[in-house]
Amino acid sequence: MRCRESGFDKIPGGVSRRDFLKVCTATAVYMGLPASFGPKIAAAATTAKKRPPVIWLSGQECTGCTETLLRATHPTVEHLILDLIALDYSETLNTGAGHQAEEYRAKSIEENKGKFILVVEGSIPVKDGGIYCKVAGKPVLEILKETAPKAAAVVAIGSCAAWGGVPSAGPNPTGATPAYKILEGTGIPVINIPGCPPNGYNFLSTVLYYVTFKKLPELDEKLRPKFAYGRLLHENCERRPHFDAGRFAEQFGDEGHRMGYCLYKLGCKGPETFNNCSTLRFNDMGTWPVNTGHPCFGCSEEGVGFNIPLHTPAEVKNITPSAVQTPITVDHGGGGSTGAVALAAGVAGAAIGAGIVALKKIDQTEKKQD
Amino acid sequence: MSEAKPVGGKVFTGPFLFFLVITLIGIYFLAKRFMFGIGAVSNMNDGFAWGIWITYDVVVGTAFACGGYSMALLVYVFNNGEYHPLVRPALLASMFGYTLAGVSVFIDIGRYWHIYNVFLPWFTNFNSVLLEVALCIAAYIAVLWIEFSPTFIEASTGTKSKVNKLLIFFIALGILLPTMHQSSLGSVMILAGNKLSPLWWTPALPLIFLISAITMGYTVVIFESTLSALGLKRPFETDILAKLSLVIPILLVIFLVVRFGDLLMRGQFGLAFSGDLQGNMFLLENILHIVPLVILASATNRKNAKMLFLSACCLMLGGLLFRFNTYLIGFNPGEGWNYFPAIGEQFITYTIISAEILLYMIFVKKLPVLESHGQAKV
Amino acid sequence: MKIKRRDFLKGAAGCGVLAAVGQPANAEAKKKERLPGALGFLYDSTLCIGCQACMVGCKKANEMPVESSDLLPIWENPRDLSAKTLNVIKKFESGTGTNKDQETDGFAFVKRQCMHCVDPGCVSACPVSAMRKNPDTGVVTYNKDACIGCRYCQIACPFNIPKFQWDSAFPQIVKCQLCSHLLPKGEIPACCSSCPTGATVFGPTSELMAEAQRRQQMEPGKYYDYPVSSLDSGKNFSQKAASYVPQIYGENEVGGTQVLMLAGVPFSKLGLPELPEKSYASTAETIQHTIYKGMIAPIVVLAGLYYFVNRSQKDKD
């Protein structure tokens with residue numbers, strides 16, 4: 001296959017130009033930007049003088065969020081990510097280890113002061129001075145507190161970093177706390193990308209957006225990018241027509257379940273979870289819990305995931321009721337058409353007129369009779 | 001007894017043809033109604049389930065047909081034979097009025113092929129006011145035709161029939177039955193409950209309707225006597241009507257006392273001045289009752305054909321408006337429901353009225369109904 | 001006019017009889033109580049999520065035709081109850097409409113269908129017993145073979161429930177009959193079985209009343225178990241209790257209804273009328289029975305009239 005001359009130098013990761021453009025365009029679309037932004041993102045990604053450095057800190061995490069980024073295979077995005085950004089420190093992916101890794105981290109932070117992106121994966125324990133998670137002998141709490149002020153922005157990837165996640169489930173013995181709470185009042189911009197794990201593209205899109213436009217995408221009141229977390233899963237679920245028509249699976253394996261009916265009665269938390277799993281799906285194969293037949297448990301939603309039991313029905317959050325629902329008072333018509341009113345008025349007028357004429361005639365006739 | 005004779009003369013006069021045309025147009029709409037359903041010609045809807053067919057054709061129509069009833073009360077109960085000349089024309093109007101009201105019921109009800117169910121004991125519900133109205137009206141129509149039969153017999157045999165015991169029984173029935181159903185036509189709207197404005201909703205509705213119906217009977221007698229005289233170029237029966245019309249102001253006083261007494265007792269009088277449609281219609285309805293009361297209180301006016309006719313017109317309108325208010329204008333099923341009769345719907349009502357006028361014209365010209373000339377005075 | 005004084009007095013006495021008879025006397029119709037086996041359902045507006053599964057279930061179970069709306073040309077939203085729709089979910093909205101079950105800047109749902117009254121206006125009204133209240137279950141059903149289409153039931157229903165097939169040459173009255181064709185089979189009304197949250201729950205009215213009272217005692221915000229489909233289904237959903245309006249609609253309205261309702265906003269906002277405790281049927285029936293009990297008064301009056309008429313004819317001859 002002949003490659004046309006393209007305007008893109010140094011396409012990272014050994015990816016073909018077509019695949020690279022595909023990814024950038026897809027990223028634009030996921031963020032709700034027009035597809036024409038794809039080439040812009042691609043240009044920004046490949047012409048940056050220096051790749052933006054990223055420091056990736058791990059708190060109380062299961063590494064699932066790192067894994068989610070590495071699992072993409074169409075194309076091999078892990079190369080893309082690792083060549084797109086300068087991942088100077090990641091406990092999972094470091095080539096070096098021990099003192100060497102720590103020295104490199106300190107050096108990178110100093111060199112890139114004010115310019116690097118700090119990614120936090122996992123929650124931060126605060127109880128007992130934060131001793132329940134230490135790296136290189138230091139509580140992660142301290143590491144975060146000293147690193148974050150030097151960063152350009154903090155991205156909290158995964159539910160644990162975004163609002164506490166599994167470690168924060170009651171009774172929360174370690175005092176697991178999300179990054180934004182630790183950094184409250186410092187003025188450092190924090191973006192939350194919750195999920196357990198979140199879709200890798202949510203993270204990727206956010207980073208690419210920042211690289212291209214030099215600012216953060218629009219966030220909601222929970223600091224989540226609106227392009228991914230602006231809608232309830234319920235609003236875009238493929239089983240929604242079944243919900244609307246009252247077709248539910250009542251037990252795993254029953255007729256309704258086999259027919260693919262709505263899983264609300266099995267405890268699906270789609271109606272109260274904000275995420276884009278129902279549209280973006282996972283593993284580049286379009287799978288997500290609901291379409292495999294298991295109800296969503298609200299892993300990305302604070303207060304829902306790891307809090308409300310799996311099979312307890314969700315509180316359906318309607319932001320406002322659908323515009324097509326009938327209001328209390330409905331106009332049923334039945335009023336008179338112009339013709340009908342005219343006819344009635346005409347007849348009434350004629351009757352009154354006839355009455356007046358009759359009265360006159362009676363008067364005349366009476367006078368004659370007298 | 002009566003010296004009644006057919007008036008004679010041409011049947012197909014100008015007015016006759018005019019009403020015939022209206023009747024024919026109405027028949028077209030009737031065909032539409034029966035072929036395509038009530039909704040095809042009418043604006044009645046689930047909020048306003050009853051429209052002008054019930055309100056005018058049945059309720060007002062039977063009230064206008066109370067001439068026979070009121071005259072029977074006067075002539076047979078209060079024993080005033082001097083009003084006899086007015087009985088047959090009143091009977092005729094009653095007969096037509098009630099028969100056509102029956103026809104209107106047949107047109108209005110949706111499942112008319114079941115109409116005989118009201119007579120079947122395994123269906124009848126004796127708690128229902130409407131059942132009593134239906135059975136009473138059906139019986140009364142039969143009674144009216146029987147009461148009118150002497151006229152038919154006279155016309156065909158040329159001899160005057162004698163009043164026998166059986167006819168007396170039917171005359172008595174002919175007074176009882178309207179008392180029952182005209183009051184019950186008021187009771188019917190009690191079930192409307194919160195949907196009927198407190199200006200009209202009251203447990204005293206049957207009494208108010210009854211007094212109104214009796215009053216209307218005398219009013220209609222005056223109205224039709226005057227119009228007949230005018231239309232058929234006969235002398236006005238002012239002398240006899242002057243004496244008759246004294247009853248009306250008396251009845252009107254009773255009517256207004258009961259009406260306003262009840263309203264004040266229920267504390268709803270203030271609604272009359274709310275300025276909305278219902279309040280204003282209430283005021284108009286009562287003005288139309290008070291004006292004739294004032295006019296007919298004077299003996300001079302009662303001897304004046306013009307004043308008699310004017311009062312009669314006012315009162316007919318007043319009685320009509322009272323019933324329209326109770327059944328339609330005072331009725332409010334809730335927000336979002338509107339009703340105004342559609343063109344086809346109106347025409348069917350005009351047809352019923354026209355048919356009555358046509359039949360009246362034919363009957364007085366061909367049958368011995370009206371007193372012959374010179375016999376109108378006592 | 002010449003009236004003999006005797007005749008005048010007789011006439012006046014007659015009028016007096018009529019006047020006395022015109023007032024509803026003390027023959028009060030006895031207040032109808034709920035039947036012991038009365039069935040109904042409890043609709044809880046705070047649990048309702050407006051999913052309209054009950055509307056779809058009702059259409060299916062009763063083989064009703066689809067009805068589209070002119071709000072949007074889709075099949076899902078009839079504007080109101082009609083000859084094609086026995087059961088409708090409507091929404092109340094105020095201000096921004098963002099808070100469920102709140103009066104200001106809030107929204108709430110309401111389910112409208114026949115209330116299966118304890119003393120139904122439609123049953124009292126119908127001259128041919130086409131509207132009938134089942135003597136055991138109290139369910140109000142319609143019999144098209146008796147019906148004459150007079151539509152008095154539509155006038156008499158304070159909730160405006162019975163609907164008429166205006167566009168049919170052979171019209172019927174149409175209304176919810178509590179799926180009485182399913183009850184003998186041991187099944188429950190379709191709106192109850194399709195409701196996912198237990199907003200509509202079936203059961204004997206006495207037990208529904210107890211359940212409604214239990215909910216009125218709940219602490220808003222706490223999780224409680226709510227029965228789903230029917231009170232005895234054994235299935236429960238744990239849901240947060242809302243703040244209820246302290247009224248069980250249907251407990252006393254026009255003598256009580258077998259369908260009960262709870263809500264978080266005032267019922268008048270949901271389109272449910274404020275009604276007195278005395279049913280209009282009992283008022284109308286009291287009057288009728290007072291006047292016509294055993295047909296005694298009419299027969300007496302008839303006898304009196306016969307006497308007068310006879311005498312007037314004798315005077316003539």
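That block above? That's the structure.
### Examining the interface of chain B and chain A
The partner chain A presents 23 residues to the 25 residues of chain B that form the contact. Both faces combined, the contact of chain B with chain A buries some 1900 Å², and carbon together with sulfur accounts for 67% of it. Among the salt bridges present, the one from Lys306 of chain B reaches Asp363 of chain A, with a minimum N-O distance of 3.6 Å. The interface formed by chain B and chain A includes five residue pairs in polar contact (both at pLDDT 80 or more). At the level of secondary structure, the elements contributing two or more residues to the side of chain B that touches chain A comprise α7 (205-232), α12 (305-329) and α13 (343-366) of chain B.

### Structural notes on the interface of chain C and chain B
Facing the 70 residues of chain C at the interface are 73 residues of chain B. Together, the buried faces of chain C and chain B total about 6200 Å²; carbon and sulfur atoms form 62% of this surface. In this assembly, chain C and chain B are joined by one salt bridge. The salt bridge partner of Asp108 of chain B is Arg151 of chain C, with a shortest N-O separation of 2.9 Å. Our count for the contact surface shared by chain C and chain B stands at 34 residue pairs in polar contact (both at pLDDT 80 or more). Those elements giving two or more residues to the side of chain C that touches chain B turn out to be α1 (5-22), α3 (121-125), α4 (152-156), β7 (163-164), α7 (280-292) and α8 (296-316) of chain C. Of the residues forming the side of chain C that touches chain B, the biggest block, 13 residues, is contributed by α8 of chain C. Taken together, the residues of the side of chain C that touches chain B break down into 41 nonpolar, 18 polar and 11 charged.

### As for the sheet that holds strand β1 (residues 53-58) of chain A
Backbone hydrogen bonds are what pair the strands of a sheet, in a parallel or an antiparallel way. All names here are of chain A. The five strands lie next to each other as β2-β1-β3-β7-β9, forming an open sheet whose pairing is parallel. One side of each edge strand has no neighbouring strand; the edge strands of this open sheet are β2 (86-90) and β9 (190-193). Recorded for the sheet is a direction-independent mean angle of 20° between the axes of neighbouring strands. Relative to β2, helix α5 (residues 98-111) is tilted by about 135°, and along the sheet it contacts β1 and β2. The sheet contacts of helix α9 (residues 200-213) involve β1, β3 (117-121), β7 (153-157) and β9, and relative to β9 the element is tilted by about 155°.

### Comments concerning helix α6 (residues 140-147) of chain A
Three or four residues apart is the spacing at which side chains of an α-helix point the same way, because the helix has 3.6 residues per turn. Along α6 of chain A, the positions that sit buried rather than exposed are Val140, Leu141, Ile143, Leu144 and Thr147 of chain A. Buried residues of α6 of chain A, viewed axially, fall in a sector of 165°; they line one side.

### Description of the sheet that holds strand β3 (residues 99-100) of chain C
With mixed pairing, the four strands of this open sheet are ordered in space as β10(A)-β2(C)-β4(C)-β3(C). If you trace the sheet from one side to the other, it starts and ends with β10 (326-327) of chain A together with β3 of chain C, each paired once. Pairing of β3 of chain C with strand β4 (residues 106-112) of chain C involves two bridges; the strand directions are parallel. Counterpart to Asn99 of chain C in the pairing with β4 of chain C is Gly106 of chain C.

### What to know about the packing of aromatic side chains
As enumerated under the stated definition, the model contains 45 aromatic pairs over all chains in all. Grouped by ring-pair contacts, the aromatic residues Trp50, Phe209, Phe255, Phe322 and Tyr327 of chain B together with Tyr152 of chain C constitute a single cluster. The positively charged end of Arg105 of chain A is found above the aromatic ring belonging to Tyr89 of chain A, 5.2 Å away from the centroid. Positioned above the aromatic ring of Phe164 of chain C, the side-chain terminus of Arg151 of chain C is 5.4 Å from the ring centre.

### So, the nonpolar core
Of all hydrophobic cores here, the largest spans 234 residues; its most connected members are Met71, Met189 and Tyr218 of chain B together with Tyr152 of chain C. Per-element accounting of this core gives the leading share, 16 residues, to α7 of chain B. For this core, the two domains that each supply at least three residues are domain 1 (1-42) and domain 2 (43-334) of chain B. Beyond its immediate stretch of four places on either side in the chain, Met71 of chain B contacts Tyr76, Tyr83, Leu86, Val87, Ala90, Tyr218, Val221 and Leu244 of chain B. With 30 residues, the next largest nonpolar core counts Ile41, Ile191, Tyr209 and Val211 of chain A among its residues.

Calculation criteria
Residues numbered from 1 in each chain as written. Chains lettered and ligands numbered in written order. Predicted model: local features only at pLDDT ≥ 70, side-chain atom pairs only at ≥ 80, totals over all residues. Heavy atoms only, no water. Contact = heavy atoms within 4.5 Å. Buried area = accessible area lost by both parts, 1.4 Å probe. Salt bridge = Lys/Arg side-chain N within 4 Å of Asp/Glu carboxyl O. Polar contact = N/O pair within 3.5 Å; in protein donor to acceptor, adjacent residues only side chain to side chain. Helix = DSSP H or I, 4+ residues; strand = E, 2+ residues; numbered from the N terminus. Nonpolar A, V, L, I, M, F, W, Y, C, P; charged D, E, K, R; others polar. Pairing = 2+ DSSP bridges. Axes fitted to C-alpha atoms, helices over the stretch in contact; angles between N-to-C directions. Buried < 20%, exposed > 50% of the residue type's maximum accessible area, 1.4 Å probe, protein only. Arc of directions from axis to C-beta. Phe/Tyr/Trp six-rings, centres within 6.5 Å; stacked < 30°, edge-to-face > 60°. Lys NZ or Arg CZ within 6 Å of the ring centre and 35° of its normal. Core = buried A, V, L, I, M, F, W, Y, C linked by side-chain atoms within 4.5 Å. Domains from an automatic or database assignment.

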